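# Coordinate inspection notes
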Number of protein chains: 2
Amino acid sequence: MTELSATEQGMLWGVIVVALISLIYAYWLWRDTLKRDKGTEKMQQVWRAIKTGAEGYLRRQLRTMVIVLICLTVILFLSVYVVPPSKEAVERFGQNAVIVVAIGRTIAFIIGASFSTLVGQLGMRVAIEGNIRVAAEAVREDYNSALTIAYRAGTFTGMLTDGLGLLGGTAIFMIFGKAAPDALLGFGFGGTLVALFMRIGGGIYTKAADVGADLVGKVEKGLPEDDPRNAGVIADLVGDNVGDCAGMAADIFESYEVTIVSTLILGLVLLHMTGNTFWIVYPLVVRAIGVISSILGTFTVPMWENFPLKLLRARDAEEAMFRSYEVSSVNTVFWAFMFSWFYAHEWQLALLNAVGVGLAVVFNPLTSYFTSYKHRPVKEIVESTRTGTATTVLSGIAVGMESSVWSVLVICIALGVSYLIYRGMTPIYMLYGVAMVGIGMLSHTGNNVAMDSYGPIADNANGIGEMAGVGERAWAIMAELDAVGNTTKAITKQVAIASAVVAATSLFFSYVTDISLVQARLGIPETEFITSIRVSVLEGTIGFLLGGALPFLFSAFALRAVSRGAMFVVEEVRRQFRIPGVLEGKVTPEYDKVVSITTAAAQKELVSLVVLSVALPLLVGIVFQVEALGAFLAGVILSGQLLAVYMAIAGGALDNAKKYIEDGHLGGKGSPAHKAGVEGDTVGDPLKDTAGPALNPMIKVVNLVSLLAAPIIVQYRGSAGIWVAGLILLAMLVWAIRQSRKDVGEGLA
Amino acid sequence: MTELSATEQGMLWGVIVVALISLIYAYWLWRDTLKRDKGTEKMQQVWRAIKTGAEGYLRRQLRTMVIVLICLTVILFLSVYVVPPSKEAVERFGQNAVIVVAIGRTIAFIIGASFSTLVGQLGMRVAIEGNIRVAAEAVREDYNSALTIAYRAGTFTGMLTDGLGLLGGTAIFMIFGKAAPDALLGFGFGGTLVALFMRIGGGIYTKAADVGADLVGKVEKGLPEDDPRNAGVIADLVGDNVGDCAGMAADIFESYEVTIVSTLILGLVLLHMTGNTFWIVYPLVVRAIGVISSILGTFTVPMWENFPLKLLRARDAEEAMFRSYEVSSVNTVFWAFMFSWFYAHEWQLALLNAVGVGLAVVFNPLTSYFTSYKHRPVKEIVESTRTGTATTVLSGIAVGMESSVWSVLVICIALGVSYLIYRGMTPIYMLYGVAMVGIGMLSHTGNNVAMDSYGPIADNANGIGEMAGVGERAWAIMAELDAVGNTTKAITKQVAIASAVVAATSLFFSYVTDISLVQARLGIPETEFITSIRVSVLEGTIGFLLGGALPFLFSAFALRAVSRGAMFVVEEVRRQFRIPGVLEGKVTPEYDKVVSITTAAAQKELVSLVVLSVALPLLVGIVFQVEALGAFLAGVILSGQLLAVYMAIAGGALDNAKKYIEDGHLGGKGSPAHKAGVEGDTVGDPLKDTAGPALNPMIKVVNLVSLLAAPIIVQYRGSAGIWVAGLILLAMLVWAIRQSRKDVGEGLA
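Residues numbered from 1 in each chain as written. Chains lettered and ligands numbered in written order. Predicted model: local features only at pLDDT ≥ 70, side-chain atom pairs only at ≥ 80, totals over all residues. Heavy atoms only, no water.

## Concerning the interface of chain A and chain B
On the side of chain B, 74 residues touch chain A, which itself brings 74 residues to the contact. Summed over both sides, the interface of chain A with chain B buries roughly 6800 Å², with 77% coming from carbon and sulfur. It is L538, L545 and F552 of chain A in chain A that bury the most area against chain B; as a group they hold 11% of the surface buried on that side. In this structure, the connection of chain A to chain B is made through four salt bridges. Across the pair R741 of chain B and E402 of chain A runs a salt bridge whose closest N-O atoms are separated by 2.3 Å. At the boundary of chain A with chain B, the tally comes to 17 residue pairs in polar contact (both at pLDDT 80 or more). Elements with a contribution of two residues or more to the side of chain A that touches chain B: helix 11 (376-384), helix 12 (389-421), helix 13 (427-441), helix 15 (472-521), helix 16 (538-578), helix 17 (591-662) and helix 18 (672-715) of chain A. Among the elements that make up the side of chain A that touches chain B, the one with the highest residue count is helix 12 of chain A (20 residues). Class assignment for the residues of the side of chain A that touches chain B results in 47 nonpolar, 16 polar and eleven charged. (Contact = heavy atoms within 4.5 Å. Buried area = accessible area lost by both parts, 1.4 Å probe. Salt bridge = Lys/Arg side-chain N within 4 Å of Asp/Glu carboxyl O. Polar contact = N/O pair within 3.5 Å; in protein donor to acceptor, adjacent residues only side chain to side chain. Helix = DSSP H or I, 4+ residues; strand = E, 2+ residues; numbered from the N terminus. Nonpolar A, V, L, I, M, F, W, Y, C, P; charged D, E, K, R; others polar.)

What follows is the structure, given as structure tokens:
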């Protein structure tokens, strides 16, 4: 195997420097946010309640996670002793290979988990700091300043994601070289697992609080949204932060790093085959180019609304954000082509990257088509509110189902391009090509996360304003900021799902490549060698069917978890309304009590969902072997992706249909059409905020667990030990299913 | 290859005789139904309107179908000239092979299509004859007699299905022998295609009429269900017949024959390999045993409510029907074991059959668990009606998603048993084993269809009673019959889906086996030989992603078709309400006008859905070749099965939750909980009656089209002709998608 040249070493150090620049920029954004004014005391009072609640939630979540993470750290460390280290590791580290790999993988796992946690925790904290300051600027009636703060606080998370993801992946490769896959898997798994925790926990929390507060406040008592007399209202605002900020940030970080992980794993195989080092260096450098482009792009945001050339001038804040996104994209594509031309002498790589970048851009109009009230789908939902809730929900379901297909088509185009470029070569090239598309798609994670975080920040500022009672003009500013946030949030959610699928598909291909290597290393006889995943053999069919079923089960359980959680909130809010003075607004409700009840409920629910996602694939692998497990992964990706998009878009479209009516159409607020719209939105909410987004990290956790377990499954198949492990997993699975199938409200008794 | 012995020839003649007995029994049931009294003139008046409407619908549908069928007949005939006949055909028919195969396949296609049409048409006509007579017996207050008529009229369709399916499959094998696969595929395709037409058309019709009539009658005017002043009410009653009777009967017939087709195709390969003829003879004889058991079983129905042994005594009509089903099952399993023991000397075959029979029995409690108000899932939906429509719908969605997983598990057990029995043998044994399980699952189609048809018959009798205004006591009898029908209908629908999946899986395996044979015949070099379907190569991934997407697109379009159709009904019913005297009940509305408008709308919609199901797989095959097409099939089966069960169960559970409240719980009719229940049911209705059931035949049409096209795709890959065909298909696909995406209510302008 060829080693990296000095120039290439230098390039990698350059990547590290870019990662650090990104982190420094993030730090600057943070300081800048903190410097701003925090507004009136009344607003700060509301805000402190939100802040305390959200931070309390994250502390509690950390406690839950830490136990699982410690167990897994031990298992991961020991697992290296079960399976001999790779040939490459022995070559590189000699007789110390085992201990080096054990420590390396374990530390990489811890780093992955910590980075993911950091992105989620810090991202949310800065967003919360932003909330109050955006509200304060709105009160001072400074629209531009409010917008800037909201966007900058969001950009913080974006830059943190970029910096940590790039830093981790590159550093691991530099330390382990060709023996990196082991550690990379640990890194990816750590990040993904934490993201799964935060997505599920945050998703359940936010919707349990929302539904619970609304059911008692709006439905039973007829109070408006965000009314301070409602004890659940702070929990609801906290939910926006823990779900949309912390959960989302950890999730996108995980996609960002997983695409690096799978590209490097496949790239190392190609490097081994061809002796070319660019398979590794190119994607890392391109990611660094993407980070620089992202930073430049975010600087241009304020420019577009007053751009001298009228053709390019942005009409509103939303367009300005997208314009900056497009600037970053053009910049990255250009420099990636330059770099491929002068360094790798392979235009194909740059083209694949460009396709990925382009796909992320294409997803904007695609999602916008299905979720914006300007286009036919949402208009049809709005029309159907005339005839009641049932037709509204059905329209939403149809829109969601249809949109999932168009996303699949876009992804197939990505795969098709890779297929065409590397036609006639051995399949590994095509698989690598798909991973490169993934690199491109997430190149501008910085901008994406910035736009995505902007949403909940504006939303919360709005909520603070509502609760603290601000003036008419301030309210109008916040409402406008909020409306922009809704669109950017919906769109970036879609990009997150699409890139999750591409990332998962690359992981799946890594799995296929990996089991071949593992079998060779373990000396499995050629005749029994499995080199591909066939669904036309019976084990494959069984694996495939079970894999496809998992996302349905997972979603069903996530929805039930929300219902169960909401029941706790309902009980507590009802109890507080019975306290004399609360309903009259004379006594402040105990907001924190609802917050802590919701937190406890979400933590209780998430463990069984995580166990389900980890135990089922392992069990399939143990019983039906690695080929069935591969088919299982294919099934999970297929139905997981379709369901995730279906739920996200159905929810988003229903939400915007409601908002359109609230803007005064079809009789506006209080009309029968509005009622149907509100109920439709309530159906869509847990779909788009809990079940749908949690599928992203779930798909990847399943893939990474399988990658990590494959060597053990191959080596110990049929042994007593593995059957014992299988029985333990079965017991865990049964426990998880029983937990998740508990009666709604059972815990209340 | 070994020829059949004289004894075996005799056995096959025996199977033909059993098929004829089944048809004679069906004829007797028909005559018996016609002999009964038709009740009062007022009832007959209502009934004649339904009868005219339903028959008009079927005539119109036949016209639509015939055009497509004629085109396909020509294409099928000519296709034989494009691909040389199989080696077996040349051996058997010498130089006439081409023309014999061309004529044989074409005639088999016509027979398949005609049989499917016959089952649908006659089944519905006899059901309609039954409707009025059940109502008449109820008016005479004779519960038992009413029950007997309803069950017998339903059994007619069951016996017709058995007789024609068995006759066709066996006769084709006897004529073509080892060259049968060509003709069998034609037979299967004809039946399946007609079933797809009838399921989609009937499904759209029934829900468009239902939703349209309800929206104006119930929601706008506040009239009760089945009120004679509502112009849409007859169309609604017609819908029960064309959807639940005709569509369902054609669909189950198609499953019945397709399991025979796939078993014979795989059996012929095994016969070729092993020289044993029992691979062919056994499944046919077992099906004949099943038919005899079914007949015996239906005779025992009246016995169980007064059975001397208390332990076995049935508590109600529902239990009596299931008891008879179990009797048939035990009988079949016993004789199938005997036969395998004394004839084939292979206990494995009997075990596989027993597993299939057992699975069909197991599906009863499983479905009952998810859809009966006695168990937790529906109870939870009922609970959630307390907090409004949104929580009700969400509960329904969660129940549906969860149930789909348990069905997958049951199917995996079927596959697992086959895997265990034939472990270590070449894969073809396992694939055949799965097909044998399918033979077992549909052995008692007679009883199944009887129970399923019973549902709409009782429902319609109820509707006739309501419109003609019968007495209190008669009403109670009809309501009870109707309630039993709802449960049996839900359960048999589930068996239909499960057997559809097993049938589709066998077809998929036939596809895999078939492409190997085709490649060998065409002299494809060994190195390029495709013998399995890998999802781990890029073409495979693209194929399976697109395949998984098809059921989502199909469902979305089916739901939109219902909405569009309903808008036509709404306009017409509104127009008629404006006619002076209609709302006061003095002028009879023009029921037939609504019927013909709905008929036209349904016909217009179904063509694009059929085109979608046929063009997409062919296009995937042409562009990405046969392996990708195989992966496409796997994707369709996976997501199609999950969606079908999800929608069927969500709809059924929501329906029964509403019924439970109507029985007087949670405040009964008119309470807020009831309102939420009704809206939940309205969401569930198009899911369970249109989109869900149409997926069954769609999955199989896709599989059969692929099987038929595979030789052409392999032989002509890369040629100019095939690309031209591809462009035509693309144009058709674009047309179909544009049609299906038209605005709701667009045609009104």
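## Section: the relation of the copies chain A and chain B
Note on the identical chains: chain A maps onto chain B by a rotation of 180° and an axial translation of 0.0 Å, with an RMSD of 0.1 Å. The transformation relating the two chain copies, once decomposed into turn and shift, fits a two-fold axis. For chain A, the minimum C-alpha distance to the rotation axis belongs to R534 of chain A and amounts to 2.1 Å. A shared interface surface links the copies, since 100% of the contact residues of chain A are contact residues in chain B too. (Least-squares fit on C-alpha atoms with pLDDT ≥ 70 in both.)

## Some details on the confidence of the model for chain A
When pLDDT is low, close inspection of the predicted coordinates is not appropriate. Here chain A averages 89 in pLDDT, while 99% of its residues score no lower than 70. For chain A, helix 3 (residues 87-93) of chain A is the element with the lowest average pLDDT, namely 82, and helix 1 (residues 6-35) of chain A is the one with the highest, namely 95. (pLDDT = per-residue confidence, 0-100.)

## Re the side chain of S510 of chain A
Residue and element names in this part refer to chain A. Looking at the element boundaries, S510 is found in helix 15. Owing to a relative accessible area of 0%, S510 belongs among the buried residues under this scheme. Excluding anything up to four places from it in sequence, S510 contacts S262, I265, L266 and L707. (Buried < 20%, exposed > 50% of the residue type's maximum accessible area, 1.4 Å probe, protein only.)

## Quick look at the nonpolar core
By size, the foremost hydrophobic cluster in this structure holds 552 residues, and its most contacted members are F189 and F632 of chain A together with F189 and F632 of chain B. Each residue touching F632 of chain B, except ones within four places of it in the same chain, is listed here: G543, F544, L546, G547, L550, L616, P617, V620 and V702 of chain B. (Core = buried A, V, L, I, M, F, W, Y, C linked by side-chain atoms within 4.5 Å.)

## Some details on the environment of V286 of chain A
All names here are of chain A. You can see V286 is positioned in helix 8 (residues 278-300). Note on V286: relative accessible area 0%, which makes it buried. V286 sits 225 residues away from Y511 along the chain, and the two C-alpha atoms are 24 Å apart. Discounting residues that sit within four places of it in the chain, V286 has contacts with A336, N353, I439 and S443.

## Re the pattern of salt bridges
Residues and elements named next belong to chain A. Taken as a whole, this structure holds 73 salt bridges over all chains when the rule is applied. A salt bridge links E319 to R323; the nearest nitrogen and oxygen atoms lie 3.3 Å apart. Of this pair, E319 and R323 both sit in helix 9 (residues 317-344), four residues apart, roughly one helical turn. You'll find E319 and R323 in the same group, each marked buried.

## With respect to helix 16 (residues 538-577) of chain B
Since the α-helix turns once every 3.6 residues, residues separated by three or four places project in the same direction. With 40 residues, helix 16 of chain B extends 59 Å between its outermost C-alpha atoms, agreeing within 8% with the 58 Å of an ideal straight helix rising 1.5 Å per residue. Here helix 16 of chain B lies mainly inside the structure; 34 of its 40 residues are buried. (Expected span 1.5 Å × (residues − 1).)

## Some remarks on unusual backbone geometry
Glycine aside, residues mostly have negative phi, and peptide bonds are mostly found in the trans state. A positive phi angle is found at E141 of chain A, which is not glycine, with a value near 60°. With respect to the secondary-structure elements, E141 of chain A resides in the loop between helix 4 (97-139) and helix 5 (143-176). The phi angle at Q625 of chain B is positive, at roughly 75°, despite the residue not being glycine. For Q625 of chain B, the location among the structural elements is in helix 17 (residues 591-662).

## Description of the packing of helix 7 (residues 233-274) of chain B against helix 13 (residues 427-441) of chain B
Residues and elements named next belong to chain B. Contact geometry of helix 7 with helix 13 gives a least axis separation of 9 Å together with a crossing angle of 145°. For the pair helix 7 and helix 13, the sense of crossing is left-handed. On the side of helix 7, the interface is formed by T259, I260, S262, T263, L266, G267, V269, L270, M273 and T274, while helix 13 contributes I428, Y429, L431, Y432, A435, M436, G438 and I439. (Axes fitted to C-alpha atoms, helices over the stretch in contact; angles between N-to-C directions. Left-handed = near helix turned anticlockwise from the far one by under 90°.)

## Section: the environment of W335 of chain A
Residues and elements named next belong to chain A. By the element assignment, W335 lies in helix 9. Since its relative accessible area comes to 43%, W335 is described here as partly exposed. Along the backbone, W335 and V286 are 49 residues apart, and their C-alpha atoms lie at a distance of 8.2 Å.

## Here's the deal with a nonpolar patch on the surface
Residue and element names in this part refer to chain A. Residues L62, V66, I70, V74, L78, Y81, I99, I103, I107 and I111 make up a contiguous nonpolar surface patch of roughly 820 Å² in combined accessible area. Looking at the nonpolar patch element by element, the count peaks at six residues for helix 2 (residues 41-82). With respect to the helices and strands, Y81 occurs in helix 2. We classify Y81 as partly exposed; its relative accessible area is 48%. (Patch = residues over 30% accessible without salt bridge, like charges linked within 9 Å, V, L, I, M, F, W, Y side chains within 5 Å. Areas by Shrake-Rupley, 256 points an atom, 1.4 Å probe, with all protein chains shown as cover.)

## Examining helix 6 (residues 180-220) of chain A
All names here are of chain A. The end-to-end C-alpha distance of helix 6 is 58 Å, a good match for the 60 Å that 41 residues give at a rise of 1.5 Å each. Along helix 6, the helix axis deviates most sharply at D214, where the bend reaches about 30°. Burial analysis of helix 6 places 36 of its 41 residues in the buried class, the great majority of the element. The first or second residue beyond helix 6 is G222, which carries a positive phi of 70°. (Bend = angle between axes of the 7 residues up to and from the residue.)

## Some words on the packing of aromatic side chains
Residues and elements named next belong to chain A. Summed over all chains, the structure comprises 43 aromatic pairs over all chains. Among the aromatic residues, ring-to-ring pairing joins F278, W279, Y422, Y429 and Y432 into one connected group. For the cation-ring pair, R287 lies above Y256, with the distance from its terminal atom to the ring centre recorded as 4.2 Å. (Phe/Tyr/Trp six-rings, centres within 6.5 Å; stacked < 30°, edge-to-face > 60°. Lys NZ or Arg CZ within 6 Å of the ring centre and 35° of its normal.)

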